[in-house]
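Chains, contacts and geometry: an overview
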Amino acid sequence: MASTLEQLLEDGRAALDGGDWRQAQSFFRLAFEHGATAEAAYGLARAIEWAGDFETAIGLYEKAFTLLRRRGEFRLPALIAGRELSFLYDAVYANAAAADGWLARATSLISDADDCVEAGWVHLAQCLGTLDPDRMRAHAAAATELGRRLNEPDLEFCARSYEGLALVLGGRIAAGLRLIDEAAAAATSGEVRDYQAAGEIYCKMLLCSELTLDVRRAQQWMEVAAGFGHNRHAAWVPAICGMHYGGILTAAGRWVEAEHRLVRAIEDYDGGFRALRGGAVVRLADLRLRQGRAEEAATLLRGYESDPAAVQPLARLRLMNGDAESAAAVLRRRLQAAAGSVLVAPEIALLAEVHLAARRPDEASGLGCELGVIAAATGLGQYGALAEYTMGLCRLATESANGAGAGASTVARGHLETALVAFGAAGLPLEQARCRLALARAVATDQPELATAEALTALRDFQQLGAYYDADAAAQTLRSLGHRSQHLRRAGAELTTREDQVLQLIAEGLSNSQIAARLFISKRTVEHHVGSILAKLGLTTRAEVQAYASRGHTNQPV
């Protein structure tokens, strides 16, 4: 029986190495039936975990831990406690106390051990237990050195990815991304054999790309790694990686793919890492806001306001609803919590927009200068684009407040043209289209034909993306330029239920304030709906809307 048991365990480990979770489960179950050994429980736990049954895996990991400790072992129990149980209790149950307890157990067990691979994995578990970049880097560097010295590439390169993350979080972005690129190369080439280690490496790459708005890097690595999951007989991107990639696809303007990734990530979280689902939900809310679907975004954000990824969509939603002060408060809290971090450039740029909406151009200009400093320190083109765009908007606002005449927008135009090119190079199409629309406004007085051309291009880009809130703004700019065209209508776009309600109340002669009171929404939201109705119906004035509605038309363009 012993030889049969050993053969089953060996076959199970081979199936794990090949990424065949079902076959691995079969071998380890048979091994468990032959004898409920720690090795059989541990192997079965790994196979079941990577098949997605995390609750069952937790029980098996705990059984393996107990059996191993009864034999007086401490190295593998430390790995199980730190790498598996600590993470799973946090991700599945949001049980921080149990997660901390298992991490402490792992640390105690391995404290007196000589150099061993298990000590390296416990160091990486400690990386997950801290938000301090310096402590994270110290643990990761110790694990990297152990992996290198013991000739364990799975540990070495997984640890390098953690070192890279720590450097990025600490502001040394270029150095951090180099380490992550190296680790990703090792994972793609097969030098890293462990499925879990490879998954962690790619998740760190996607996380850092999302944190730095580095859309190009993520897309390039995803192209290289496209066949990895297929070759391993399983979907290699777990919910966490899918969530980060969904955020990157949103920034890249690939919104159909982004929605698919994020919805799938939410489903994956619901089936396993339930405690982590909020990150995917708020990223989907961000996508909905970009699409102009504010009510859906508000519903998604409800209950997840404290998630760090909710800061930008929550602030933008409040800004869209005309509540600039509340939007500013959300962003200020985030900036205070992340004091000293260079990764808050997007939040700073959005806060500048909020200040401009509240007619505080001096405060916005100060933030523009701060963005310029961050861009110079990091060398990130996408941050440079945010800085130039913000400074261009601030200059426009200042000139408008001062009543500057024709030709006075030369400086603003220079900032915006620089940002336009940089956003394009960074692969950020929504930001590029918004910048183009701002450029149209900058040249409207002295170059109306150029302004019209830029606004039309922005409108086309918004419509292609599906960014209908921004498309409304472009259509309004074109109307202010005297441009009337079928292009101002959305092809095939129908009024939403709320827009149809607003249309009927306009027909009754109600003002925006009266409509807001009737529908229990803000006046700013009513103004947004009115602008959307004008754009969808190809109309230019409120009187035209009243005439249209009085003829009995609803939900169909003229």
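Throughout what follows, the structure given in this document is the object of discussion. Since the structure is predicted, the reported quantities are computational estimates derived from the model, not experimental observations.

**Side note on unusual backbone geometry**
Backbone geometry places A94, a non-glycine residue, at a positive phi of 55°. Topologically, A94 is positioned in the loop between α5 (75-93) and α6 (96-110). The residue R359 is not glycine, and still its phi comes out positive at about 60°. Relative to the elements of secondary structure, R359 occurs in the loop between α20 (345-357) and α21 (361-378).

**Concerning the state of the cysteines**
In the structure shown here, the tally under the stated rule is one disulfide. The disulfide that involves C203 links it to C241, with 1.5 Å between the sulfurs. Negative torsions about the S-S bond denote left-handed disulfides, and the value of about -105° found for C203 with C241 makes this one left-handed. One end of the pair, C203, is in helix α11 (residues 195-211); the other, C241, is in helix α14 (residues 239-251), with 38 residues separating them in the sequence. Judged by relative accessible area, C203 falls into the buried class, the value being 10%. With relative accessibility at 0%, the residue C241 sits in the buried group. Here C369 stays free of any disulfide, with the sulfur of C394 as its closest cysteine sulfur at 8.3 Å. Judged by relative accessible area, which is 51%, C369 ranks as exposed.

**Observations concerning the side chain of S161**
When you line up the elements, S161 lands in helix α9 (residues 153-169). Of note is the side chain of S161, whose polar atom sits 2.6 Å from the backbone oxygen of C158.

**Thoughts on the pattern of salt bridges**
Evaluated as defined, the whole model comprises 32 salt bridges. Ionic pairing is found between R498 and E295, a salt bridge with its closest N-O pair at 3.5 Å. Of this pair, R498 sits in helix α27 (residues 497-507) while E295 sits in helix α17 (residues 294-301), placing them 203 residues apart in sequence. Judged by its relative accessible area of 23%, R498 falls in the partly exposed class. We classify E295 as partly exposed; its relative accessible area is 48%. The partner of E353 in a salt bridge is R316, and the shortest N-O contact between them spans 3.5 Å. In this pair, E353 is assigned in helix α20 and R316 in helix α18 (residues 311-320), connecting sequence segments 37 residues apart. Salt bridges sharing common partners tie together R46, R83, D194 and E200.

**What about the environment of G253?**
Relative to the helices and strands, G253 is located in the loop between α14 and α15 (255-270). Taking the C-alpha atoms as reference points, G253 and Q464, separated by 211 residues in sequence, lie 9.4 Å from one another. Not counting the four nearest positions on each side in its chain, G253 is found in contact with P429 and L465.

**Focus on the packing of aromatic side chains**
Enumeration over the complete set of coordinates arrives at nine aromatic pairs. Between Y89 and Y93, the ring centres sit 5.7 Å apart and the planes meet at 45°, which makes this aromatic pair tilted. Separated by four residues within a single helix, Y89 and Y93 lie in helix α5, roughly one turn from each other. The exposure class assigned to Y89 is buried, which follows from its relative accessible area of 15%. An aromatic cluster is built from W21, W50 and Y195, whose rings are joined through pairwise contacts. One residue, R83, lies across the ring of W121, its end atom 3.7 Å from the ring centre. Taking NZ or CZ as reference, K204 lies 4.3 Å from the ring centre of Y162, over its face.

Calculation notes
Residues numbered from 1 in each chain as written. Predicted model: local features only at pLDDT ≥ 70, side-chain atom pairs only at ≥ 80, totals over all residues. Heavy atoms only, no water. Helix = DSSP H or I, 4+ residues; strand = E, 2+ residues; numbered from the N terminus. Disulfide = S-S within 2.5 Å. Buried < 20%, exposed > 50% of the residue type's maximum accessible area, 1.4 Å probe, protein only. Polar contact = N/O pair within 3.5 Å; in protein donor to acceptor, adjacent residues only side chain to side chain. Salt bridge = Lys/Arg side-chain N within 4 Å of Asp/Glu carboxyl O. Contact = heavy atoms within 4.5 Å. Phe/Tyr/Trp six-rings, centres within 6.5 Å; stacked < 30°, edge-to-face > 60°. Lys NZ or Arg CZ within 6 Å of the ring centre and 35° of its normal.

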